[in-house]
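Listed here are the chains, written in short residue letters.
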Amino acid sequence: QVQLVESGGGLVQAGGSLRLSCAASGLLFSRYAMAWFRQSPGKEREFVAAISWSSGHISYGDSVKDRFTISRDDAKNSVYLQMNSLKPEDTAVYYCAAEISWGIPQEEQYTNWGQGTQVTVPS
């Protein structure tokens, strides 16, 4: 069974930084595309970033481009999200997702999800 566990969330002032981690188990990590999504109460889930199994393809949501960086370490079965220049609108629960794929799956194709980690940026 695939298990994804996020960590690194917390409260940070606007303009600050956080680094989220997602530790994966129960999967051949190197063959999975990994992604980050986020969701705030009353809002739809939003795509944040994704990285293919070979790290050859990386994608970011428009709202985080040039501020966030996704990376992966296959030796550690982990994916990371470095978040800089945080804004109040970045406040959300951040979820890690995984799906076996040669590239980057569509959002609806992800079937493996973590429980999320809260990121709060006060106004």
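Scope of this entry: the structure provided in the associated data block. These figures come from a predicted structure and were not determined experimentally. (Residues numbered from 1 in each chain as written. Predicted model: local features only at pLDDT ≥ 70, side-chain atom pairs only at ≥ 80, totals over all residues. Heavy atoms only, no water.)

A few words now on the sheet that holds strand S3 (residues 18–25). Read from one edge to the other, the open sheet built from four strands follows the order S1-S3-S8-S7, with strand pairing classed as antiparallel. Looking at the sheet topology across the chains shown, the edges are occupied by strand S1 (3–7) and strand S7 (68–73). Between one strand axis and the next, the sheet turns by 15° as a mean value, whatever way the strands run. Here S1 pairs with S3 via five bridges, running antiparallel. Note that in S3 the partner of Glu-6 across the bridge is Cys-22. (Pairing = 2+ DSSP bridges. Helix = DSSP H or I, 4+ residues; strand = E, 2+ residues; numbered from the N terminus. Axes fitted to C-alpha atoms, helices over the stretch in contact; angles between N-to-C directions.)

Cysteine pairs can be covalently joined through their sulfur atoms, and such a bond is termed a disulfide. This model, assessed by the stated rule, comprises one disulfide. A sulfur-sulfur separation of 2.1 Å characterises the disulfide bridge that pairs Cys-22 with Cys-96. Classification of the bridge connecting Cys-22 and Cys-96 rests on its S-S torsion, roughly -80°, and on that basis the disulfide is left-handed. A residue pair is termed long-range when its members are at least 10 positions apart, and Cys-22 in strand S3 and Cys-96 in strand S9 (residues 92–100) qualify at 74 residues. Both residues of the pair, Cys-22 and Cys-96, count as buried. (Disulfide = S-S within 2.5 Å. Buried < 20%, exposed > 50% of the residue type's maximum accessible area, 1.4 Å probe, protein only.)

Looking now at the side chain of Ser-52. Inspection of the secondary structure assignment puts Ser-52 in the loop between strand S5 (46–51) and strand S6 (58–60). Accessibility expressed as a relative area gives 0% for Ser-52, which makes it buried. In this structure Ser-52 touches Tyr-32, Ala-33, His-57, Arg-72, Trp-102, Gly-103 and Ile-104, once residues within four positions along its chain are discounted. (Contact = heavy atoms within 4.5 Å.)

Among the six residues in strand S8 (residues 78–83), five count as buried, and that is most of the element. Where S3 meets S8, six bridges bridge the pair, whose relative direction is antiparallel. Paired with Ser-21 across the bridge in S8 is Tyr-80. Relative to S8, S7 is paired through six bridges, and the arrangement is antiparallel. In the strand pairing of S8, Arg-72 is matched with Val-79. Between S7 and S8, which pair antiparallel and follow one another directly, the connecting turn spans four residues, one of which, Asn-77, has a positive phi of 50°.

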